[in-house]
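# Structural characterization, general
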Amino acid sequence: QVQLVQSGGGLVQPGGSLRLSCAASGFTFSNYAMNWYRQAPGKQREFVAVISSVGGSTNYAESVKGRFTISRDNSKNTVYLQMNSLKPEDTAVYYCNAFYKSIAYWGQGTQVTVSS
């Protein structure tokens, strides 16, 4: 069955770094663009970053540009989100998403808390 299994969240101080991972199975990972979204308490889920199916193209929300980096390893069916210079406003549940031809799969979500 289709699975997107996330790992790597946690508590970090402002200015710190975390790397999220999302391991895919049950579908042809290399066909899918991969996204990261996040949802803060009381707010709507918002787009964070996207990487194309073969990894040649990326795009970021303005709020994370220059601090976050999305990457993928199609040999490991895994997408990553490297988060540097974290701010308290980055606190949210982060979700990975696979998207191809109107088909979308979601990870289970992982909590990222930025606090001193």
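Below is a summary of the structure that appears in this document.

## Examining the nonpolar core
Of all hydrophobic cores here, the largest spans 30 residues; its most connected members are M34, W36, L81, M83 and Y94. For this core, the elements supplying multiple residues, two or more each, are β3 (18–25), β4 (33–39), β5 (46–51), β7 (68–73), β8 (78–83), β9 (92–100) and β11 (110–114). Setting aside its immediate chain neighbours within four residues, M83 contacts G16, S17, L18, L20, R67, F68, Y94 and V112.

## Describing unusual backbone geometry
The phi torsion at K101 lies on the positive side, around 50°, for a residue other than glycine. Here K101 lies in the loop between β9 and β10 (103–106). Its identity as a non-glycine residue notwithstanding, S102 has a phi of 70°, on the positive side. Along the polypeptide, S102 turns up in the loop between β9 and β10. For S102, a relative accessible area of 65% corresponds to the exposed category.

## Some remarks on the pairing of β3
Pairing of strand β1 (residues 3–7) with β3 involves five bridges; the strand directions are antiparallel. When the bridges of β3 are listed, Q3 appears paired with S25. Pairing analysis gives six bridges linking β3 to β8, with the strands arranged antiparallel. Bridge pairing in β8 places R19 opposite Q82.

## Some remarks on the environment of V64
Counting through the fold element by element, V64 comes out in the loop between β6 (58–60) and β7. Taking the C-alpha atoms as reference points, V64 and V114, separated by 50 residues in sequence, lie 14 Å from one another. Beyond its immediate stretch of four places on either side in the chain, V64 contacts R38 and V48.

## Quick look at the pattern of salt bridges
Applying the stated criterion across every chain yields a total of four salt bridges. In this structure, a network of salt bridges that share partners links the residues R38, E46, R67 and D90.

## Here's the deal with the sheet that holds β1
The strand order across the open sheet formed by four strands is β1-β3-β8-β7, and the pairing between neighbours is antiparallel. A strand with exactly one partner marks an edge of an open sheet, and here the two such strands are β1 and β7. On average, each strand axis in the sheet is tilted by 15° relative to the strand beside it, whichever way the strands run.

## What about the environment of M83?
Within the secondary structure layout, M83 lies in strand β8. Since its relative accessible area comes to 0%, M83 is described here as buried. For the pair M83 and W106, spaced 23 residues apart in the sequence, the C-alpha separation amounts to 20 Å.

Definitions and limits used
Residues numbered from 1 in each chain as written. Predicted model: local features only at pLDDT ≥ 70, side-chain atom pairs only at ≥ 80, totals over all residues. Heavy atoms only, no water. Core = buried A, V, L, I, M, F, W, Y, C linked by side-chain atoms within 4.5 Å. Buried < 20%, exposed > 50% of the residue type's maximum accessible area, 1.4 Å probe, protein only. Helix = DSSP H or I, 4+ residues; strand = E, 2+ residues; numbered from the N terminus. Contact = heavy atoms within 4.5 Å. Pairing = 2+ DSSP bridges. Salt bridge = Lys/Arg side-chain N within 4 Å of Asp/Glu carboxyl O. Axes fitted to C-alpha atoms, helices over the stretch in contact; angles between N-to-C directions.

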